[in-house]
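# Geometric and topological summary
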Amino acid sequence: MKKQSELTIPHKLLFASFALCMSMVCIRSAAAQAPAAPAIDKAAAERGKGDFSSSCSFCHGSLATGTEQAPNLLRSPIVFQDHNGDTLGPFLKQGRPTLGMPAFPTLSPEQVADIAAFLHSRIQEVRGTRLPEAALLVGDAKAGQAYFNGPGKCSSCHSPSGDLAHIGSKDQPLALTTAFLTPPAKPLQAKVVLPSGQTVSGRLEYLDEFTVSLVDDSGVYHTWPRDRTKSVDVIDPLAAHKAMLPIYTDKDIHDLLAYLVTLK
C-alpha cells in the first residue's frame, strides 16, 4: 500500500523559488516596456479593509503583514493568484482548521471581493516604486513552449487551450511563477480496492494505520478498516509539480514563464 504523500515542500526549495523571483525583479532591462500595475477599486479596497479588520486582523494584523499567530498575507500565493475573490473565496469558505485557520462561510462573494481588493492594494503599497513584474520576462517563449511540451511534461496535465487558456491575461508574471513553482494545495485523492474487487475513488478524508475514509464523486462518504481492504492508493494531484522543483534550472523557469504570458 502506498503511504500518504507528504504535502510540505522543503523550505530550501521555497526559499530558492522566491530568491529566484527576487533576483529576476532586479533585472532592469525590461523596465521601460513594463505596463503599469492593474488599477484597484479604491472604494472596494476601503470596504474590504473594514471586513478584513473585523474578520482577519486579529490573527494576520491590521495591515495583513502577519503576527506570531498567522502568516503575512502580502506574500501569499493564494492572494497573488486571486481575481476578485475567485481564489480567496473558496479558501475562506473552507478554511484550514487543522492549521488553526477557521472557515468564514458567511462572508458574501461581494465581501470576499472587497477583502481581495484591500489585500491587493496593500501589496501595491508595499511594493512601492519597485520594478514592474514585466521585468521578470527575460526568457525565450519558444524555448518555454518546447519545455512545456517536452522535458517539463507540463502538457501531460495542462493544456494551453484548456485549463491554461488566457492565463497570460489573467495572471501577472509573479503570480504565474508562483503558480507553477508552489501551486496552492489540492485535496489528496484515494483509490480503495475492496476484497471483492470493487474500486471506490474520491477525495481522501482520513487515513491512518487502521482506517481509510473518502468522499466519492457523488458526495457519498465511505470508511473502511484497513484490514478489510485489498489496497489503498493515495494520489497527490501536485506530485508532478513537487517532483520538478529540484530539477528546474533558472533558464527553464525563465523560458516557461515567458511562454505562459503569451497565452492570452
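Everything quoted here is computed from the prediction, not taken from an experiment.

### Here we look at the overall build of the chain
Along the chain, the regular secondary structure elements total 11 helices and five strands. Here the chain holds 264 residues, and 41% of them are scored as buried. Restricting to contacts in the chain with at least 6 residues of sequence separation, those with at least 24 account for 64%. Accessible area of the chain: about 15,300 Å², with a carbon and sulfur share of 57%.

### Here we look at the confidence of the model for the chain
Per-residue confidence for the chain gives a mean pLDDT of 83; residues scoring 70 or more make up 83%. Below pLDDT 50 for its whole length, residues 1–36 participates in 56 contacts with residues either more than four positions away or in separate chains.

### Let's talk about the pattern of salt bridges
According to the stated counting rule, one finds five salt bridges in the structure shown. Ionic pairing is found between Lys-242 and Asp-236, a salt bridge with its closest N-O pair at 2.8 Å. Here Asp-236 falls in the buried class, since its relative accessible area comes to 7%. Among the salt bridges present, the one from Asp-255 reaches Lys-251, with a minimum N-O distance of 2.5 Å. Of the two residues, Asp-255 and Lys-251 are both situated in helix α11 (residues 250–260); the distance of four residues between them amounts to about one turn of the helix.

### Some thoughts on the nonpolar core
For soluble globular proteins, nonpolar side chains are generally found buried alongside one another. Phe-52, Leu-88, Leu-92, Leu-119, Tyr-248, Leu-256 and Leu-260 are the most contacted members of the largest nonpolar core, which has 41 residues in total. Those elements that provide at least two residues to this core are α4 (77–80), α5 (88–94), α6 (109–127), α7 (141–149), α9 (173–181) and α11. A per-element tally of this core places α6 first, with six residues. Sequence-distant contacts of Leu-256, defined by excluding residues within four places in its chain, comprise Gly-144, Tyr-147, Phe-148, Cys-154, Phe-180 and Tyr-248. Formed by 12 residues, the second largest nonpolar core is a distinct cluster that contains Val-192, Val-200, Val-212 and Val-232.

### Looking at the environment of Gly-100
On the secondary structure map, Gly-100 appears in the loop between α5 and α6. The class for Gly-100 is exposed, based on a relative accessible area of 58%. A C-alpha to C-alpha distance of 8.9 Å links Gly-100 and Gln-69, two positions 31 residues apart in sequence.

What counts and what doesn't
Residues numbered from 1 in each chain as written. Predicted model: local features only at pLDDT ≥ 70, side-chain atom pairs only at ≥ 80, totals over all residues. Heavy atoms only, no water. Helix = DSSP H or I, 4+ residues; strand = E, 2+ residues; numbered from the N terminus. Buried < 20%, exposed > 50% of the residue type's maximum accessible area, 1.4 Å probe, protein only. Contact = heavy atoms within 4.5 Å. Areas by Shrake-Rupley, 256 points an atom, 1.4 Å probe, with all protein chains shown as cover. pLDDT = per-residue confidence, 0-100. Salt bridge = Lys/Arg side-chain N within 4 Å of Asp/Glu carboxyl O. Core = buried A, V, L, I, M, F, W, Y, C linked by side-chain atoms within 4.5 Å.

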